[in-house]
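# Breakdown of the fold
Next come the chains, spelled out residue by residue.
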Amino acid sequence: MTPLTSLSREQLRDFFISTGEKPFRADQVLRWVYKKGVFDFQSMTDLSVELRIRLSETLSILELEPIQKVKASDSTKFLFKTCDGHVIETVLIKERDHLTLCVSTQIGCAVGCRFCATALDGLIRNLTAGEIIQQYLIAQGEAGERIRNVVFMGMGEPLANYDNVRKAVEIMVSPWGLDLSRRRVTVSTSGLIAPLRKMARDPLLRDINLAVSINSPFEEERSELMPLLKRGSLKELMKILKSFPLRPYRKITLEYVLISGINDSLSHAIALAKLLKGFEKRFKVNLIPYNPDPNLPFERPSLERIMVFQSQLWKRGISTFVRFSKGQETFGACGQLRAKRYVLKSQAV
Ligand code: SAH
Ligand code: SF4
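Model, not experiment: these values are computed from the prediction.

The next thing to look at is the nonpolar core. If you look at the biggest cluster of nonpolar residues, it comprises 86 residues, and the most contacted ones within it are Leu12, Val29, Phe152 and Met172. If sequence neighbours within four positions are ignored, valine 29 has contacts with Leu4, Leu12, Phe16, Phe41, Met44, Leu47 and Leu55.

Written out as structure tokens, the structure reads:
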């Protein structure tokens, strides 16, 4: 069955035309799904009973099955089972005055960052646009208030799944879809060069927020920490980011996971500032204190060391913030998600 949540308005209108229906039926169905949160064709009362039956035989709406919900004080983690039996994770984060949803884009990840739990099992497969959108729809149904912010910072590398991520973003920001503001959708990437170039030319994707995981200002060390990235890619990356088309007042976020004894020294901070010299206003840096994982040999630096690192950047004119992952006491939070260990459990259910 075709998942409706993988289709753009255009594609859904074509679908209705090809089945001998009027294209405006697409708008009726989209309204039920994205505006009213109705995921069952039988409840779409402005469609004929016969059409409702036909639709439920050819289109699916929700394929993801919620299997667990873990609540922490500031966030909720959802585990979803896909049709082929994998488990993905989505985190709903309660900020001071709004909700942010952290969605996954792949099952596993091929970039292989040494410090990241998602990398431990390699890449299993890409998620479809529908599976990305369904994470939002189900979390929204549970949230009780509208989720206005989405970050693509869950499992996987969004730009390695370009077409599906692009489609999901189109559904998120379109008035007929989730109708989110482009300023409130953020794609986080490890910095894949070719898709970043494509993104810079893409009128849809270059208009949302861009976050790039830097993690080290040193070419060699960075490609050791993030193995899929080739030597020379940091230089190339900085060149692209310095000329990336930005809307007025927008900045590119650089994410930097601070790992004790690895990338948290004074010389790292100074080298990072040097990398941005002359472009200080174009970037802001988010320092993410490392979230330890029992399967990985890394530790979080002391608060004092984190503050010293931050002050070095401020001193050099770079807006720098420390961002603790939410929900970390209860579960590995956004950016520290791992599916495989749950697959066995969920199959046993
Ligand atoms: N693949 C994309 C998006 C998912 S990872 C990327 O790498 O940007 C989202 C963020 O979580 C990245 O900045 C990553 O460096 C960070 N991250 C991964 N593991 C982490 C951990 N154990 N503690 C803190 N941050 C982590
Ligand atoms: Fe993939 Fe991002 Fe984890 Fe690196 S940090 S392995 S790119 S999910």
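The rest of the description comes next.
This paragraph deals with helix 2 (residues 24–35). Between its terminal C-alpha atoms helix 2 stretches 16 Å, which fits the 16 Å expected from 12 residues at 1.5 Å a residue. Of all the residues in helix 2, the buried ones are Ala26, Asp27, Gln28, Val29, Leu30, Trp32, Val33 and Tyr34. Tucked inside the fold, the buried residues of helix 2 contact helix 1 (9–18), helix 3 (49–58), helix 4 (129–143) and helix 5 (162–173). Once helix 2 finishes, glycine 37 follows within two positions and takes phi at roughly 65°, a positive value.

Right, let's get into the packing of helix 9 (residues 266–275) against helix 10 (residues 303–315). As a packed pair, helix 9 and helix 10 sit with axes 9 Å apart at the nearest point and diverge in direction by 25°. With respect to each other, helix 9 and helix 10 are oriented roughly parallel. Here the hand of the crossing between helix 9 and helix 10 comes out right-handed. When helix 9 is examined against helix 10, the residues Leu266, His268, Ala269, Ile270, Leu272 and Ala273 are found in contact with a partner set consisting of Val308, Phe309, Gln312 and Leu313. Across the contact of helix 9 with helix 10, the residue classes tally to eight nonpolar, two polar and no charged.

Here the focus is the environment of leucine 229. Tracing the chain through its elements places leucine 229 in the loop between helix 7 (219–225) and helix 8 (233–243). In this view, leucine 229 contacts Ser190, Gly191, Leu192, Arg222 and Ser223; residues no more than four positions away in its chain are not counted.

Looking at the element boundaries, aspartate 207 is found in the loop between helix 6 (193–200) and strand 11 (209–213). Apart from residues lying up to four places away in sequence, aspartate 207 is in contact with Arg182, Arg247 and Arg250.

All right, on to the domain arrangement of the protein chain then. When the domains of the protein chain are assigned, the result is domain 1 (2–60) and domain 2 (65–347). Distance between the C-alpha centres of domain 1 and domain 2: 33 Å. In this assembly, 12 residues from domain 1 lie in contact with 14 residues from domain 2. In total, domain 1 and domain 2 occlude about 1,000 Å² of area from one another, counting both sides; carbon and sulfur atoms represent 62% of this. Where domain 1 meets domain 2, there are zero salt bridges. Run the count over domain 1 and domain 2 and you get six residue pairs in polar contact (both at pLDDT 80 or more). Of all elements in the fold, only helix 1 and helix 2 reach the threshold of two or more residues within the side of domain 1 that touches domain 2. Per-element accounting of the side of domain 1 that touches domain 2 gives the leading share, four residues, to helix 2. By residue class, the composition of the side of domain 1 that touches domain 2 is six nonpolar, four polar and two charged.

Turning next to helix 8. Looking at helix 8, one finds that the buried residues are Ser233, Leu234, Leu237, Met238, Ile240 and Leu241. Along the axis of helix 8, the buried positions cluster into a sector of 165°, meaning they face one direction only. Projecting away from the buried face of helix 8 at angles above 90 degrees are the exposed residues Lys235, Lys239 and Ser243. Contact partners of the buried residues in helix 8: helix 6, strand 11, helix 7, strand 12 (252–258), helix 9 and strand 13 (283–289).

For the rest of this paragraph, the subject is the site of ligand 2. Around ligand 2 sit Cys109, Val111, Gly112, Cys113, Cys116, Ala119, Gly156, Glu157 and Ser190, and those are all the residues in its vicinity. Per-class residue counts for the shell around ligand 2 are five nonpolar, three polar and one charged.

It is worth spelling out the packing of aromatic side chains at this point. Inspection of the entire model under this criterion finds six aromatic pairs. Between phenylalanine 78 and phenylalanine 80, the aromatic rings sit 5.9 Å apart at their centres with planes inclined by 0°, giving stacked as the arrangement. Here phenylalanine 78 matches phenylalanine 80 in class, with each residue buried. Seen in terms of ring centroids, tryptophan 314 and phenylalanine 321 are 6.0 Å apart; in terms of plane orientation they differ by 85°. Their pairing is edge-to-face. Cation over ring: lysine 198 sits above tyrosine 162, and NZ or CZ is 4.3 Å from the ring centre.

What counts and what doesn't
Residues numbered from 1 in each chain as written. Chains lettered and ligands numbered in written order. Predicted model: local features only at pLDDT ≥ 70, side-chain atom pairs only at ≥ 80, totals over all residues. Heavy atoms only, no water. Core = buried A, V, L, I, M, F, W, Y, C linked by side-chain atoms within 4.5 Å. Buried < 20%, exposed > 50% of the residue type's maximum accessible area, 1.4 Å probe, protein only. Contact = heavy atoms within 4.5 Å. Helix = DSSP H or I, 4+ residues; strand = E, 2+ residues; numbered from the N terminus. Expected span 1.5 Å × (residues − 1). Axes fitted to C-alpha atoms, helices over the stretch in contact; angles between N-to-C directions. Parallel < 35°, antiparallel > 145°, perpendicular 65-115°, else oblique. Left-handed = near helix turned anticlockwise from the far one by under 90°. Nonpolar A, V, L, I, M, F, W, Y, C, P; charged D, E, K, R; others polar. Domains from an automatic or database assignment. Buried area = accessible area lost by both parts, 1.4 Å probe. Salt bridge = Lys/Arg side-chain N within 4 Å of Asp/Glu carboxyl O. Polar contact = N/O pair within 3.5 Å; in protein donor to acceptor, adjacent residues only side chain to side chain. Arc of directions from axis to C-beta. Near = heavy atom within 4 Å. Phe/Tyr/Trp six-rings, centres within 6.5 Å; stacked < 30°, edge-to-face > 60°. Lys NZ or Arg CZ within 6 Å of the ring centre and 35° of its normal.

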